[in-house]
Amino acid sequence: MRTKYANVIIEAIVILAIASFFSCGGNRTDANQRWIDSDSIATATLDSLEALLDSTMPHGADELFNDFFFNFAGNPRLQKQRMTTDNSHWSYNSFFMEQGYYTPIFDTSDQIELQNDTSLTTAKVEKIFLKLNSIKQYTFHKLKGYWMLTDIDTLKITDSPNGSFLQFYFRFANDNKFQMQSLADPIKFIGPDPDNDFDTLEGEILPETWNAFCPDLPKDIVFNIIYGEQKPSASKQKIFIINGIANGLEIRLYFEQDKLGKWKLTKLEQ
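My aim in this report is to walk through the structure given alongside it, one point at a time.

### A closer look at the sheet that holds strand β4 (residues 134-143)
Alright, step 1. Judged by pairing direction, the sheet is antiparallel, and its four strands sit side by side in the order β5-β4-β3-β8 without closing on themselves. Edge positions in the open sheet fall to β5 (146-156) and β8 (221-227), since each of these has one partner strand only. Neighbour-to-neighbour, the strand axes of the sheet open up by a mean angle of 20°, direction not taken into account.
Alright, step 2. Relative to β4, strand β3 (residues 122-129) runs antiparallel, the two being bridged by eight bridges. Following the sheet pairing, Thr122 is matched in β4 by His141.

Here it is as structure tokens:
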């Protein structure tokens, strides 16, 4: 969920992204993006932090991590200011801003509410390369009230608690036949009422009608955000959310493992 602070940077960054939202090109790696050679960023003193803050950062945007990160992802100068070590080798990273959406993954519905928790002091942004079995993980801490990038790590998808699900999702998004085999019968559905903008409809989707409801799914690169100290687990439920940045679109796909350990899409919520 975005607040008023997020819109300051978003309107300038995503105007081009809207036109190509969820297009095939949305999953291409930013040509200007480079991986940092070092494995982590060492902690440095913050005594003079206030003197370094960018004047374009809206007052209060550090309250929620999402507000801060939307500004961080769209502001090259702010990125260099919000690191706790030498940033001379850092190249501007637009993260998911140009593609126009991000895809947090949660174990439970309760974890979704962490996006609005102002008491958080840590968060991780994961750029997940599904085809390459690789995750680039950016760790942020709130230090003296300011969100700072403190560590960058690389790990294999197979070493992630979300590994089983991510391997499944890659095939689910790219293999139509496998996707049809991975649908519950029926799929629960919650969506907007076309006759009432303030109401929703609940129903069921049969596998044979799935193509009429299936959203455009990211097929190669996804961006997960881990909020707070909550740690992804090898749970038997995953909630995969497609969050639009510019238009407020939110699509939730609920997956569960059956008794045989196979993942199934059980619910779609728009």
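### Side note on the pattern of salt bridges
Alright, step 1. Summed over the entire model, instances satisfying the criterion amount to five salt bridges.
Alright, step 2. A salt bridge links Arg82 to Asp62, with the nearest nitrogen and oxygen atoms 3.0 Å apart. Here the residue Arg82 occupies a position in the loop between α5 (76-81) and β1 (101-102), and Asp62 occupies one in the loop between α3 (49-52) and α4 (65-73), the gap between them amounting to 20 residues. Each member of the pair, Arg82 as well as Asp62, carries the same accessibility label: buried.
Alright, step 3. Among the ionic pairs, Asp107 bridges to Lys238, the shortest N-O distance being 2.5 Å. With Asp107 in the loop between β2 (105-106) and α6 (109-112) and Lys238 in strand β9 (residues 237-244), this pair connects stretches of sequence that are 131 residues apart.

### Details of the side chain of Thr150
Alright, step 1. Tracing the backbone shows Thr150 in strand β5.
Alright, step 2. With a relative accessible area of 4%, Thr150 lands in the buried category.

### Things to note about the packing of aromatic side chains
Alright, step 1. Scanning all chains against the criterion turns up 32 aromatic pairs.
Alright, step 2. Taking 5.5 Å as the distance between ring centres and 45° as the angle between the ring planes, the aromatic pair formed by Phe69 and Phe96 counts as tilted. Taken as a pair, Phe69 in helix α4 and Phe96 in the loop between α5 and β1 lie far apart in primary sequence, 27 residues in all.
Alright, step 3. Residue Phe69 is classed as buried on the basis of its relative accessible area, which comes to 0%.
Alright, step 4. Overall, the relative accessible area of 0% leaves Phe96 in the buried class.
Alright, step 5. Over the ring of Tyr254 we find Lys267; its NZ or CZ atom is 4.7 Å from the centre of that ring.

### Description of the nonpolar core
Alright, step 1. Counting 35 residues, the largest nonpolar core has Phe65, Phe69, Phe95, Phe96, Val125 and Phe140 as the members making the most contacts within it.
Alright, step 2. Mapped by element, the contributors of at least two residues to this core are α4, β3, β4, β5, β8 and β9.
Alright, step 3. Broken down by element, this core gets its largest block of residues, six residues, from α4.
Alright, step 4. In this structure, Phe65 is in contact with Ala123, Val125, Phe140, Trp147, Ile225 and Tyr227, ignoring residues within four places of it in sequence.
Alright, step 5. Counting 28 residues, the second-largest nonpolar core is a separate cluster that includes Phe168, Ile187, Ile251 and Leu265.

Reading the values: rules and limits
- For every chain, the first residue of its written sequence is number 1, and the numbers climb from 1 along that sequence.
- The predicted origin of the model limits local features to residues at a pLDDT of at least 70 and limits the giving and counting of side-chain atom pairs to 80 or more, whereas totals for whole chains, interfaces and linings rest on all residues.
- Side-chain numbers come from the whole structure's heavy atoms, not from hydrogens or water.
- Here a strand pair is declared whenever DSSP counts at least two bridges between the two strands.
- Each helix is a run of H or I in the DSSP string that is no shorter than four residues. Each strand is a run of E no shorter than two, and both are numbered from the N terminus.
- Note on definitions: angles span 0 to 180 degrees between N-to-C directions of axes, and those axes are lines fitted to C-alpha atoms, for helices only across the stretch in contact.
- When a carboxyl oxygen of Asp or Glu lies within 4 Å of a side-chain nitrogen of Lys or Arg, that pair is called a salt bridge.
- Partly exposed residues are those whose accessible area sits between 20% and 50% of the maximum for their type, while under 20% is buried and over 50% is exposed, using a 1.4 Å probe and protein chains only.
- Only Phe, Tyr and Trp rings take part, Trp by its six-membered ring, and two of them pair if their centres are within 6.5 Å. Stacked means planes under 30 degrees apart, edge-to-face means over 60, and tilted covers everything else.
- The rule is short: NZ of Lys or CZ of Arg within 6 Å of the ring centre and within 35 degrees of the ring normal puts a charge over the ring.
- Nonpolar core, defined: a set of buried Ala, Val, Leu, Ile, Met, Phe, Trp, Tyr and Cys residues in which side-chain atoms within 4.5 Å join the residues together.
- Whether two residues are in contact is decided by their heavy atoms, any of which lying within 4.5 Å being enough.

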